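If you want the building blocks of each chain, they are given just below.
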Amino acid sequence: MLGAFANSLKIPELRKKIIFTFLVLAVCRLAATIPVPNIDPEALASLFESLTKNSTSSGVVGILNIFSGGALQKFAIAALGIMPYISASIIMQLMTPVMPFLERLSREGEDGRQKITQYTRYLAVFICLIQGTMLAKSMENPGKLGLPNIQIVINPGLTFEITTVIILLAGTLILMWLGEQITARGIGNGISMIIAANIINRMPAAIAAMIKLVYSTTPGAGQSFTIIHVLLLIAFFLIVCALAICLTLGIRKIPVKYASRMVGHKTSKGQTTYMPLRVNHSGVMPIIFGSAILMFPTMLFRYVEFLNPYAYLWNYGSASYIAFFALAIILFAFFWVANQFNPIQIADDLKKHGAYVPGVRPGKPTAQFLDHTMTRITVVGSLSLVLLATIPMLLAKKFGIPGMIAQFFGGTSLLIIVGVTLDTVRQIESQLLARRYDGFFKKGKIKSRQRRGY
């Protein structure tokens, strides 16, 4: 594997892409360290220090802080991160099959996709304005969200809110542009690379918090936390990583056979291949969607006075929160598959090319077979997502592990890291193999195909 990394630097084009990607990610990390004006850094640090001791209060705030790479903890210009653009992309993908105007644009090729991308950016700006306003008001009055009521803003008021919203909007737009530059001139998907870099950036802080927890003498959950527990957590982390990789790469192979055809005076034998149906067809989107949806009732029940008695139902890690979260993930997973997977079109394409699934009649029976198979696969995939998404909450709630540490044992963070890593390695390996270099693995199907000249 080390030889593959060395070979990737020998290819001038690939070396430029890798260096460019790292430089852009460094600029993104710089944006996460420049604080917004009119903020008391000591008071802000005191607020987040108190949050680390309370896993219930730090739930949503902790997730946002991880996605922003610690920018929220410093209230930097990149405090909103790239999540407004991600939310806008999800909304546009959901609305495309529903709205005839967007569906028509999606069929117009590159020009239509550029129009949809433009509308996605406009929607991201709108979402950023809303989230920036809510974040500015939360900094002025943290007690509204159930956080410690600490005076963070030096001079609160309308001027602070307007200035903060403009700065946060500019920070998000800069990250969006940098992500597009990585996609065009670097390695991997730029938006995903920025999110993964932000999450990985929090790993040293999580490791430091774990070490501090071992040597802590404060009464509570950390009092009985020993080196044995650390080793068990490391083993558990490796197991969860393996499960996340299996979930990301897992497929159901549907055999497909092509009928024999006459080519000139000869009859070509029908080929047999397979159609891969992904176990987790929706990826990490259901978890992101569920987290975004549950943020609204959490804030609403705390801001509206007559709903305050029921705010405990939306506490991060509570039984009701986990139930709502699991239901949102399952529903969105099926909704995503229903919008993105079209068994009727696939069955028609197979029929046009003279292909069929053995034992299934072409046409409508094939579409029904694919729909039934994908439904069963989605059940397994959605339940697996629920398991991965709830692991951090269970660790934080039942075992008293700080949220900063628990977030790396499942949920969105782990799936994003696994998915982005596999996709980046796949892209680098394809370029290595195209230039007659070995890939990252000396054994396996990729090299055996290369030796046969495929």
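Because the structure is a prediction, the values reported are computed rather than measured.

Attention now moves to helix 2 (residues 12-31). Here helix 2 is 20 residues long and its end C-alpha atoms lie 29 Å apart, about the 28 Å a rise of 1.5 Å per residue gives. Within the sequence span of helix 2, burial applies to Leu14, Ile18, Phe20, Thr21, Val24, Leu25, Cys28, Arg29 and Ala31.

Summarising the sheet, strand 1 (residues 251-258) and strand 4 (residues 272-278) pair through seven bridges and their orientation is antiparallel. Across the sheet, residue Lys253 finds its bridge partner in strand 4, namely Pro276.

Turning to helix 14 (residues 319-340), a few remarks are in order. With 22 residues, helix 14 extends 32 Å from end C-alpha to end C-alpha; this agrees with the ideal 32 Å at 1.5 Å per step. Buried residues of helix 14: Tyr321, Ile322, Phe325, Ala326, Ala328, Ile329, Phe332, Ala333, Trp336 and Val337, and no others. Along the axis of helix 14, the buried residues cluster in a sector spanning 165°; they form a single face. Residues Ala319, Leu331 and Ala338 are exposed on helix 14 and point more than 90 degrees away from its buried face.

Our next topic: the packing of helix 2 against helix 9 (residues 158-185). For any two helices packed against each other, the geometry comes down to the angle between their axes and how far apart the axes lie. One can describe the packing of helix 2 onto helix 9 by two numbers: an axis separation of 10 Å at closest approach and a directional angle of 170°. When the axis of helix 2 is compared with that of helix 9, the two are roughly antiparallel. Residues Lys17, Phe20, Thr21, Val24, Leu25, Val27 and Cys28 of helix 2 form the contact with helix 9, whose participating residues are Leu175, Leu178, Gln181, Ile182 and Arg185. Partitioning the contact of helix 2 with helix 9 into residue classes produces eight nonpolar, two polar and two charged.

Let us look at the side chain of Arg202. Within the secondary structure layout, Arg202 lies in the loop between helix 10 (190-201) and helix 11 (203-214). Contacts of Arg202, omitting those with residues within four sequence positions, involve Asn65, Ile66, Gly69, Gly70, Gln73, Met404 and Phe408.

Glancing now at the environment of His229. Its place among the elements puts His229 in helix 12 (residues 227-249). Look at His229 and you get partly exposed, because its relative accessible area is 34%. Put simply, His229 and Val214 are 15 residues apart on the chain and 8.8 Å apart in space, counted from C-alpha to C-alpha.

It is worth spelling out the packing of aromatic side chains at this point. All chains considered together, the criterion is met by three aromatic pairs. Each ring, one from Tyr321 and one from Phe325, has its centre 6.1 Å from the other, and the planes form 40°; the classification is tilted. Of this pair, Tyr321 and Phe325 both sit in helix 14, four residues apart, roughly one helical turn. For the pair Tyr321 and Phe325, a shared accessibility class is recorded, and that class is buried.

Together, Ile227, Ile228, Leu231, Leu232, Ile234 and Leu238 line one region of the surface with nonpolar side chains, adding up to about 600 Å² of accessible area. If you trace the backbone, Leu231 turns up in helix 12.

One finds Ile82, Ile86, Ile195, Ile199, Leu415 and Ile416 to be the most contacted residues of the largest nonpolar core, which totals 77 residues. By residue number, the principal contributor to this core is helix 16 (residues 364-398), which donates eight residues. Ignoring any residue separated from it by four or fewer positions in sequence, one finds Ile86 in contact with Ile191, Ile195 and Ile288. Within the second largest apolar cluster, 19 residues are counted, among which are Ala79, Leu80, Leu135 and Leu168.

Analysis parameters
- Residues numbered from 1 in each chain as written.
- Predicted model: local features only at pLDDT ≥ 70, side-chain atom pairs only at ≥ 80, totals over all residues.
- Heavy atoms only, no water.
- Helix = DSSP H or I, 4+ residues; strand = E, 2+ residues; numbered from the N terminus.
- Expected span 1.5 Å × (residues − 1).
- Buried < 20%, exposed > 50% of the residue type's maximum accessible area, 1.4 Å probe, protein only.
- Pairing = 2+ DSSP bridges.
- Arc of directions from axis to C-beta.
- Axes fitted to C-alpha atoms, helices over the stretch in contact; angles between N-to-C directions.
- Parallel < 35°, antiparallel > 145°, perpendicular 65-115°, else oblique.
- Contact = heavy atoms within 4.5 Å.
- Nonpolar A, V, L, I, M, F, W, Y, C, P; charged D, E, K, R; others polar.
- Phe/Tyr/Trp six-rings, centres within 6.5 Å; stacked < 30°, edge-to-face > 60°.
- Patch = residues over 30% accessible without salt bridge, like charges linked within 9 Å, V, L, I, M, F, W, Y side chains within 5 Å.
- Areas by Shrake-Rupley, 256 points an atom, 1.4 Å probe, with all protein chains shown as cover.
- Salt bridge = Lys/Arg side-chain N within 4 Å of Asp/Glu carboxyl O.
- Core = buried A, V, L, I, M, F, W, Y, C linked by side-chain atoms within 4.5 Å.

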